[in-house]
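Letter by letter, the chains look like this.
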Amino acid sequence: MKTARLRFDAERHEYHVGKSRLPTVTEIIRGDTEAPRFWTPESRSRGHDLHRLWLEIDLCGFHASDEVSVYQGYCRAYIAYLRYAKPKWTELEQPRANVRKEFAGTRDRVGVIGGHVTIADLKSGGADQTHGIQLAGYDLLDSLGGVHRRRTNVYLHRDGTFRVIHQTNDEDYSQFLRKLAEFKERGKQNASTENRIARD
């Protein structure tokens, strides 16, 4: 029996398996709430540009240019982090899906740091209480036989500094699964409402 393959639409940031679009880790955590005030079009554009530059640093090294100069501090912060943590990345910006639980996402980095298999999420903004839950969702995208990987947020700042927070609360996993169940239930209710309106 063949397993349907994940298809990722980078432009629309959508994940599809077969004919189904899978919700993302971020969508599940947000639920039906409004986006935080710092999730502005400008911040999304900055995040997209920075993730591309950080990926280029991992793949090609750091090369100063006019394009980089706008975000040079953030790039230098990432380089400083790499020198500090000395990670051995095994996965860079790789779309993943948990087909059984029906959700998807892209983990920024997976690798070995200090002997620990680690999922690292790179941020250009400040810390938020949902970041641990987000990383738990990323960890659940695939299974290691129930073994949780180290979850690390790396906050990279415009002044070239960085801050590392290791997320250690195992309740993050149950919170994510609860949010996933709530997300699916809302989807069923919305579909039922739309069908009822169509019949009327």
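One can find the structure itself at the top, above this paragraph.
Just so it is clear, the structure is predicted and the values come from calculations on it, not from any experiment.

**Student:** Account for the overall build of the protein chain, naming residues and giving values.
**Tutor:** The helix and strand tally for the protein chain stands at six helices and eight strands. When the helices and strands of the protein chain are listed from N to C terminus, the series reads β-β-β-α-α-α-α-β-β-β-α-β-β-α. Expressed as a percentage of the 200 residues in the protein chain, the buried residues total 36%. Relative to all contacts within the protein chain whose residues are 6 or more apart in sequence, the contacts with residues 24 or more apart total 57%. With the model as given, the accessible surface of the protein chain reaches about 12400 Å², and the carbon-plus-sulfur share is 49%.

**Student:** Got a sec to walk through the pattern of salt bridges? Specific residues and values, please.
**Tutor:** Evaluation of the coordinates by the stated rule reveals 13 salt bridges. As a salt-bridge pair, Glu91 and Arg96 come within 3.0 Å of each other at their nearest N and O atoms. Under the relative-accessibility criterion, Glu91 is labelled buried at 8%. The structure contains a network of salt bridges with shared partners spanning Glu91, Arg96, Arg107, Asp139, Asp142 and Arg149.

**Student:** Can you lay out the side chain of Ser124 for me, pointing to particular residues and giving the numbers?
**Tutor:** Take Ser124: it is sitting in the loop between strand 6 (116-123) and helix 5 (131-139). Look at Ser124 and you get buried, because its relative accessible area is 17%. Within the structure, the side chain of Ser124 is placed 3.3 Å from the side chain of Arg46, a separation counted as a polar contact. If we skip the residues at most four places from it in the chain, Ser124 touches Arg46, Leu50, Trp54, Tyr74 and Leu156.

**Student:** Lay out the sheet that holds strand 5 (residues 103-113) with the relevant residues and their values.
**Tutor:** Either a parallel or an antiparallel arrangement is found when strands of a sheet pair, and the pairing is made through backbone hydrogen bonds. As summarised here, the arrangement of the five strands in space is 4-5-6-7-8, forming an open sheet in which the pairing is mixed. Two strands bound the open sheet, and with one partner strand each, they are strand 4 (88-98) and strand 8 (162-167). Averaged over all neighbouring strand pairs, the angle between strand axes comes to 30°, with direction disregarded. In terms of strand pairing, strand 4 meets strand 5 through nine bridges, oriented antiparallel. Considered in strand 5, the bridge of Lys88 is made with Val112.

**Student:** Give me the lowdown on the environment of Tyr84, citing residues and values where you can.
**Tutor:** With respect to the secondary-structure elements, Tyr84 resides in helix 4 (residues 72-85). Residues within four places of Tyr84 in sequence aside, it is in contact with Phe162 and Val164.

**Student:** I'd like to hear about unusual backbone geometry, residue by residue, with values.
**Tutor:** Although it is not a glycine, Glu93 adopts a positive phi angle of roughly 50°. Structurally, Glu93 can be placed in strand 4. Positive phi outside glycine occurs at Glu102, with the angle close to 65°. Checked against the element boundaries, Glu102 lands in the loop between strand 4 and strand 5.

**Student:** Can you tell me about the sheet that holds strand 1 (residues 6-9), naming the residues and giving the values?
**Tutor:** Overall, antiparallel pairing links the three strands, which are arranged 1-2-3 in an open sheet. With partners counted over all chains shown, the strands left at the sheet margins are strand 1 and strand 3 (20-22), one partner each. Averaged over neighbouring strand pairs, the angle between their axes works out to 35° when direction is ignored. One ladder, built from three bridges, connects strand 2 (residues 14-17) with strand 3; its direction is antiparallel. Residue pairing in the sheet places Val17 in a bridge with Ser20 of strand 3.

**Student:** So what's going on with the environment of Ala127? Which residues, and what values?
**Tutor:** Its location among the elements puts Ala127 in the loop between strand 6 and helix 5. Along the primary structure Ala127 and Arg163 are separated by 36 residues, whereas in three dimensions their C-alpha atoms are 9.6 Å apart. When neighbours within four sequence positions are excluded, Ala127 is seen to be in contact with Tyr155, Arg163 and Ile165.

Each value, and the rule that gives it
Residues numbered from 1 in each chain as written. Predicted model: local features only at pLDDT ≥ 70, side-chain atom pairs only at ≥ 80, totals over all residues. Heavy atoms only, no water. Helix = DSSP H or I, 4+ residues; strand = E, 2+ residues; numbered from the N terminus. Buried < 20%, exposed > 50% of the residue type's maximum accessible area, 1.4 Å probe, protein only. Contact = heavy atoms within 4.5 Å. Areas by Shrake-Rupley, 256 points an atom, 1.4 Å probe, with all protein chains shown as cover. Salt bridge = Lys/Arg side-chain N within 4 Å of Asp/Glu carboxyl O. Polar contact = N/O pair within 3.5 Å; in protein donor to acceptor, adjacent residues only side chain to side chain. Pairing = 2+ DSSP bridges. Axes fitted to C-alpha atoms, helices over the stretch in contact; angles between N-to-C directions.

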